Amino acid sequence: MTATAPAADPIREAILAAMDRLLDATPLRSSGRLSVSQLAIEAGVKRWHLTHQHLDLKELFQAQVQSAAATPKAFAARLSEHDDLKDKRAKLIEHCAELEQRLKSYATAISLLTLENAALAASATNASVVPLPRPGASP
């Protein structure tokens, strides 16, 4: 009787393929984060397969993640976009505050000019107040 090779385990093969995709930053099903949960999602298997059945693959994946010590390209791009959007938002908030301050200044100036105009119109009969001629008007 000859010993036969053990049948290939499709779950194990799926996990190994998913490990390669995650470490190469080419995820198909997951967010690309290098975690055991995302590995399970990427492999299309339940998480317990990694935590109870294939502990060696889980440990191998975690060791490779530790040795890589870098964020995968796909996830790094998302982080970079997020940082850019946060910077853009901060600049917009600053710009909005500046515009609000400018608006208050304009409102104050318009209110003052309105009061002065009303006072001038009310005292138009008073000879001591002479309105300035408008530009282009004949004297």
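Residue indices begin from 1 for each chain and proceed along its sequence in written order. The predicted origin of the model limits local features to residues at a pLDDT of at least 70 and limits the giving and counting of side-chain atom pairs to 80 or more, whereas totals for whole chains, interfaces and linings rest on all residues. With hydrogens and water set aside, each side-chain value is computed from the structure's full complement of heavy atoms.

**Student:** Before we go on, may I ask you to explain unusual backbone geometry in this structure?
**Tutor:** Note on backbone geometry: most residues besides glycine have negative phi, and most peptide bonds are trans. Of note in this structure, Ala25 is not a glycine but carries a positive phi near 60°. Exposure classes here rest on a 1.4 Å probe applied to the protein chains alone. A residue is buried below 20% of its type maximum, exposed above 50%, and partly exposed in between. Residue Ala25 is classed as buried on the basis of its relative accessible area of 15%.

**Student:** Sorry if this is basic, but what is going on with the nonpolar core here?
**Tutor:** Across soluble globular proteins, nonpolar side chains have a tendency to be buried as a group. Ranked by internal contacts, the top residues of the largest apolar core, which has 13 residues, are Ile15, Met19, Leu39, Ala43, Val45, Leu50 and Phe61. Whether two residues are in contact is decided by their heavy atoms: any pair within 4.5 Å suffices. Residues contacting Leu50, with those up to four places away along its chain left out, are Ile15, Val36, Leu39, Ala40, Leu55, Leu57 and Lys58. Here, nonpolar core means buried Ala, Val, Leu, Ile, Met, Phe, Trp, Tyr and Cys residues that are tied together by side-chain atoms lying within 4.5 Å of each other.

**Student:** Looking at this structure, I do not really get a negative patch on the surface. What am I missing?
**Tutor:** Residues enter patches when their relative accessible area tops 30% and they take part in no salt bridge; the joining distance is 9 Å for like charges and 5 Å for the nonpolar side chains Val, Leu, Ile, Met, Phe, Trp and Tyr. What sets the accessible areas is the Shrake-Rupley method with a 1.4 Å probe; for residues, cover comes only from the shown protein chains. The working definition used for a salt bridge is a side-chain nitrogen of Lys or Arg within 4 Å of a carboxyl oxygen of Asp or Glu. Positive charge is attributed to Lys and Arg, negative charge to Asp and Glu, and no charge count is given to His or to the chain ends. In plain terms, the charge of a residue is placed at NZ if it is Lys, CZ if Arg, CG if Asp and CD if Glu. A cluster of acidic side chains, namely Glu81, Asp83, Asp84 and Asp87, defines a negative patch on the protein surface. Structurally, the position occupied by Glu81 is in helix 5 (residues 73–122). A helix here means a DSSP run of H or I that spans at least four residues, while a strand means a run of E at least two residues long, and both kinds are numbered starting from the N terminus.

**Student:** Which parts of the structure should I look at to understand the packing of helix 1 (residues 10–23) against helix 4 (residues 55–68)?
**Tutor:** Axis angle and axis distance: for two packed helices, these are the angle between their axes and the distance between the axes, and together they describe the pair. Contact geometry for helix 1 and helix 4: axes closest at 11 Å, N-to-C directions at 10°. In terms of axis orientation, helix 1 runs roughly parallel to helix 4. Across the interface between the two elements, Arg12, Ile15, Leu16, Met19, Leu22 and Leu23 from helix 1 touch Asp56, Leu57, Leu60, Phe61, Gln64 and Val65 from helix 4. Amino acids outside the nonpolar list (Ala, Val, Leu, Ile, Met, Phe, Trp, Tyr, Cys, Pro) and the charged list (Asp, Glu, Lys, Arg) are all regarded as polar, and Gly is one of them. Residue composition of the contact of helix 1 with helix 4, by class: nine nonpolar, one polar and two charged. Only C-alpha atoms enter the line fits that serve as axes; for helices the fit covers just the stretch in contact. Angles between N-to-C directions range over 0 to 180 degrees. With respect to orientation, any angle under 35 degrees is reported as roughly parallel, any angle over 145 as roughly antiparallel, any angle of 65 to 115 as roughly perpendicular, and every other angle as oblique.

**Student:** For this particular structure, what's the right way to read helix 1?
**Tutor:** Spanning 14 residues, helix 1 covers 20 Å between terminal C-alpha atoms, matching the ideal 20 Å at 1.5 Å per step. Buried residues of helix 1: Ile15, Ala18, Met19, Arg21 and Leu22, and no others. Axial view of helix 1: buried residues confined to an arc of 165°, hence all on one face. For helix 1, the elements touching its buried residues are helix 2 (36–43), helix 3 (48–53) and helix 4. At the N-terminal boundary of helix 1, the capping side chain belongs to Asp9, with an oxygen 3.2 Å from the backbone nitrogen of Ile11. Looking one or two residues beyond helix 1, the residue adopting positive phi is Ala25, at roughly 60°. Each residue after the first adds 1.5 Å to the expected span of a helix. Think of the arc as the fan of directions from the helix axis to the C-beta atoms. By the criterion applied in these results, polar contacts are pairs of N or O atoms within 3.5 Å in which, for protein atoms, one can donate a hydrogen and the other can accept it, and in which residues neighboring in sequence qualify only through two side-chain atoms.

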